[in-house]
Amino acid sequence: MTLSFRLDPPVDPALRDGFLTLWTDVSNAGGAVGFVPPVTVEDIRPEWLKQLTALAEGQRRLLVGYDEDGRLAAAAFLTRNTHRLMRHWIWLYTVMVHPRHQGKGYGRDLLAAAEESARTLEGVEAIRLTCRGGLGLEDFYASCGYKEVGRVPGAIRVADGDDRDDITMLLPLN
């Protein structure tokens, strides 16, 4: 079984609820997606609203993956740069696969769908993302073709006494 991906799906109550549940479940499973567990849907909602604003303003694109039951199983945001000297690459943010689907290869599928989507954007030559150190994420992204191009030691404070590296990864599209 595989996921069915869609770029720029219509944002309706089903997508909203599915996305909030996905983000909450991924966060509570220890996923490095901007929160530290425990979190609730209500903790996530303000950040979702910020993302909706960026989507509405055309600053961000949403890529989602649905499982065989039609449930939201994976998602990521693609964001164009607004700086005139950096419009040739995009950011990939909040890359997540629901914990019930971990270990099925859906993370690789999501990254492949993000790469395919990025290739449809005029003038885009690369994808950049950042990830939290200490979880092996940089190894996963490297296995998908991304190269580590920068690291800021201790830049992410998960908790008092638990600082993690902020790692920048790059995937050239040429």
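Our structure's up above, just so we're on the same page.
> With reference to specific residues and values, describe the state of the cysteines.
One pass over the full model with this rule turns up 0 disulfides. The thiol of C131 is not disulfide-bonded; the next cysteine sulfur, from C144, is found 11 Å away.

> Tell me what's going on with helix α3 (residues 106-119), and back it up with residues and numbers.
The terminal C-alpha atoms of α3, which comprises 14 residues, lie 20 Å apart, in line with the 20 Å expected from a rise of 1.5 Å per residue. Listed in full, the buried residues belonging to α3 are Y106, L110, L111, A113, A114, S117 and A118. All buried residues of α3 project into a common sector of 160 degrees when viewed along the axis, lining one side. Structurally, α3 contributes buried residues whose contacts are with β1 (4-7), β2 (60-66), β3 (72-80), β4 (89-97), β5 (126-132) and α4 (137-143).

> An account of the pattern of salt bridges is needed here, citing residue identities and associated values.
When the charged atoms of two side chains with opposite charge come close together, those side chains can pair. Per the counting criterion, the structure on display carries 13 salt bridges. Between E47 and K50 there is a salt bridge; the shortest N-O distance is 3.7 Å. One end of the pair, E47, and the other, K50, are both in helix α2 (residues 41-56), 3 residues apart, so they sit about a helical turn from each other. What makes K50 exposed here is its relative accessible area of 56%. A salt bridge links R71 to D69; the nearest nitrogen and oxygen atoms lie 3.6 Å apart. The exposure class of R71 is partly exposed, given its relative accessible area of 40%.

> Lay out the nonpolar core in plain terms, naming residues and giving numbers.
Of all hydrophobic cores here, the largest spans 28 residues; its most connected members are L92, I127, Y141 and Y146. Listing elements by their share of this core, those giving two or more residues are β3, β4, α3, β5 and β7 (162-172). The biggest single contributor to this core is α3, with 6 residues. Excluding anything up to four places from it in sequence, Y146 contacts L92, L111, I127, L129, Y141, M169, L170 and L171. Grouped together as the second largest cluster of nonpolar side chains are 18 residues, V26, V39, L62 and A75 included.

> I'd like a rundown of the pairing of β7, residues and numbers included.
On a regular strand, one side chain projects to one face of the sheet and the next to the other, so that they alternate. Of the pairings in the sheet, the one linking β5 to β7 comprises 7 bridges and is antiparallel in character. The partner of A126 across the bridge, within β7, is P172. Counted along the chain from strand β6 (residues 147-159) to the antiparallel partner β7, the turn is 2 residues long, and its residue G161 has a positive phi close to 80 degrees.

> Break down the packing of helix α1 (residues 13-28) against α2 for me, with residues and values.
Interhelical geometry of α1 versus α2 gives an angle of 120 degrees and a closest axis separation of 9 Å. As summarised for this structure, α1 and α2 are arranged oblique, according to the angle between their axes. Of the two elements, α1 crosses α2, and the hand of that crossing is right-handed. Here R16, F19, L20, W23, T24 and S27 of α1 come into contact with α2, specifically with V41, I44, R45, E47, W48 and Q51. For the contact of α1 with α2, a count of residues per class yields 6 nonpolar, 3 polar and 3 charged.

> Break down the sheet that holds β2 for me, with residues and values.
Across a sheet, paired strands are connected by hydrogen bonds in the backbone, their directions being either parallel or antiparallel. Read across the sheet, 7 strands follow the order β1-β2-β3-β4-β5-β7-β6 without closing on themselves; strand pairing throughout is mixed. At either margin of the open sheet sits one strand with a lone partner, and together these are β1 and β6. On average, adjacent strands in this sheet sit at an angle of 25 degrees to one another, irrespective of strand direction. Against the sheet, α1 touches β2, β3 and β4, its axis set at about 95 degrees to β3.

Rules used throughout
- Residues numbered from 1 in each chain as written.
- Predicted model: local features only at pLDDT ≥ 70, side-chain atom pairs only at ≥ 80, totals over all residues.
- Heavy atoms only, no water.
- Disulfide = S-S within 2.5 Å.
- Helix = DSSP H or I, 4+ residues; strand = E, 2+ residues; numbered from the N terminus.
- Expected span 1.5 Å × (residues − 1).
- Buried < 20%, exposed > 50% of the residue type's maximum accessible area, 1.4 Å probe, protein only.
- Arc of directions from axis to C-beta.
- Contact = heavy atoms within 4.5 Å.
- Salt bridge = Lys/Arg side-chain N within 4 Å of Asp/Glu carboxyl O.
- Core = buried A, V, L, I, M, F, W, Y, C linked by side-chain atoms within 4.5 Å.
- Pairing = 2+ DSSP bridges.
- Axes fitted to C-alpha atoms, helices over the stretch in contact; angles between N-to-C directions.
- Parallel < 35°, antiparallel > 145°, perpendicular 65-115°, else oblique.
- Left-handed = near helix turned anticlockwise from the far one by under 90°.
- Nonpolar A, V, L, I, M, F, W, Y, C, P; charged D, E, K, R; others polar.

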